[in-house]
Protein chains: 2
Amino acid sequence: MPEVATAVEQAAFVCASRGVQLTELRRQVLRLILEAEAPIGAYALLDKLRGLRAGAAPPTVYRALDFLLEQGLVHKLERLNAYMPCVETGHAHHDGHGHGHDHPHQFLICRKCGATAEICAPAVAAAITEAARAQGFTPGVATVEVEGVCANCA
Amino acid sequence: MPEVATAVEQAAFVCASRGVQLTELRRQVLRLILEAEAPIGAYALLDKLRGLRAGAAPPTVYRALDFLLEQGLVHKLERLNAYMPCVETGHAHHDGHGHGHDHPHQFLICRKCGATAEICAPAVAAAITEAARAQGFTPGVATVEVEGVCANCA
DNA sequence: GCCATGGCGATACGATATAACCTGGGATGA
DNA sequence: TCATCCCAGGTTATATCGTATCGCCATGGC
Ligand SMILES: [Zn+2]
Ligand SMILES: [Zn+2]
Ligand SMILES: [Zn+2]
Ligand SMILES: [Zn+2]
């Protein structure tokens, strides 16, 4: 998977430009998430990580996940308790609505094959903001996860 | 709380009309969820339930929750791993977009006080459906949970 | 050298959720 | 009447998800 290596290098560049360290452990965890074909749970990740680091324990993987989540390199799927890579990583040519870090996003989760796509639909974010404000609510981060059937499985 | 009793009776009516049983256990769990001031976790529910049923165990509460979720009487907040009553229960005079069972809904979760409101914003549902279809994805149930600050806490 | 910081190994624990098995009661139908 | 089935729910154990805490070591100012 050459695109995995590319994504890891982009992540390393992003981290370097922010003055944070993409250490070997974090790199390994990111790579495992990138190699997974669908969102992957923390303990599945731990099993795979043990192939690379004998002594890995839950805090090992959770600390790496915390870092990757903070940096916006991966996302957590709340419905699945699982993690997947952010598709926006390394899109340095983008700007505006927060690409690369804490950007608005939505997920489409296929109930047949489990494939999950991250999309960025400004119209959805705008509708949510408006609906929240209509209730006097000041919106922050919105979790949007849609279960359904993907194009391949239809 | 007279409105709790009313809501339980409405739920009983809805269940009877569907030919399913709102048993004593399910009624107790629904009542505890209705009495909670914010979304309540399964194990907090279990603690309270033990005041009513000495031998209650995790499966006791999870089975009741499964039933109440299936019937659309309560909702699960994925970000919180907690449960709250559906505000639409018993709105028999409503029809159209699925009131009372599997209806589109969104949640506004206050990060200060934890108060959570269920809203129904058709514009949000429409934007999500459109964004999903644009990807060739056939959308089903959408989880929308917005973290932010409520009107009281602003 | 000294100390602050950050990464991470290691143990333990808490919180969330399900699997597997069994019992009893009511409906159904011979 | 009795066999049969389904369903609710009790019981025990286990899987999964996530934190708290301690301590070691390397790095980098001072
Ligand atoms: Zn992203
Ligand atoms: Zn699919
Ligand atoms: Zn509802
Ligand atoms: Zn509030």
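What counts and what doesn't
What you see as residue numbers is a count from 1 along each chain, following the sequence as written. Chains and ligands are labelled sequentially in the order written, the chains with letters from A and the ligands with numbers from 1. Under the rules for a predicted model, residues below a pLDDT of 70 receive no local features and side-chain atom pairs below 80 are neither given nor counted, while totals for whole chains, interfaces and linings still include all residues. Each side-chain value is derived from all of the structure's non-hydrogen atoms; neither hydrogens nor water enter the calculation. UniProt positions are given in the numbering used here, feature names are shortened, and annotations may be inferred rather than shown by experiment. One heavy atom within 4 Å of a molecule or strand is enough for the residue carrying it to be called near that molecule or strand. In protein, a polar contact requires one atom able to donate a hydrogen and another able to accept it; more generally it is a pair of N or O atoms within 3.5 Å, and residues adjacent in sequence count only if both atoms are side-chain atoms. Under the DSSP-based scheme used, a helix requires at least four consecutive residues in state H or I and a strand at least two consecutive residues in state E, with every element numbered from the N terminus. Residues are grouped as follows: nonpolar covers Ala, Val, Leu, Ile, Met, Phe, Trp, Tyr, Cys and Pro; charged covers Asp, Glu, Lys and Arg; every other residue, Gly included, is treated as polar.

- Going by the annotation in an unreviewed UniProt entry, the name recorded for chain A is Transcriptional repressor, with Plastoroseomonas hellenica given as the source organism.
- Quoted verbatim from the Sequence similarities (unreviewed entry) heading of the UniProt record, the comment on chain A is "Belongs to the Fur family."

**Re the protein's contact with DNA strand C**
- Residues in contact with DNA strand C amount to 17 residues; listed here are only the nearest, Thr23(A), Arg53(A), Arg63(A), Tyr43(B) and Lys76(B).
- Protein-adjacent atoms of DNA strand C, using a 4 Å cutoff, are sugar or phosphate at a proportion of 47%.
- Contact distances for DNA strand C include 2.7 Å between a base nitrogen and a side-chain N or O atom of Arg63(A).
- For DNA strand C, a phosphate oxygen lies 3.3 Å from a polar atom in the side chain of Tyr83(B).
- Breaking the surface near DNA strand C down by element, the ones donating at least two residues are helix H2 (24-35) and helix H4 (58-70) of chain A together with helix H4 (58-70) of chain B.
- A per-element tally of the surface near DNA strand C places H4(B) first, with four residues.
- Partitioning the surface near DNA strand C into residue classes produces eight nonpolar, four polar and five charged.

**A look at the side chain of Thr116(A)**
- Tracing the sequence through the fold places Thr116(A) in strand S4 (residues 116-119).
- A polar contact of 3.2 Å, which involves the side chain of Thr116(A), links it to the backbone oxygen of Gly114(A).

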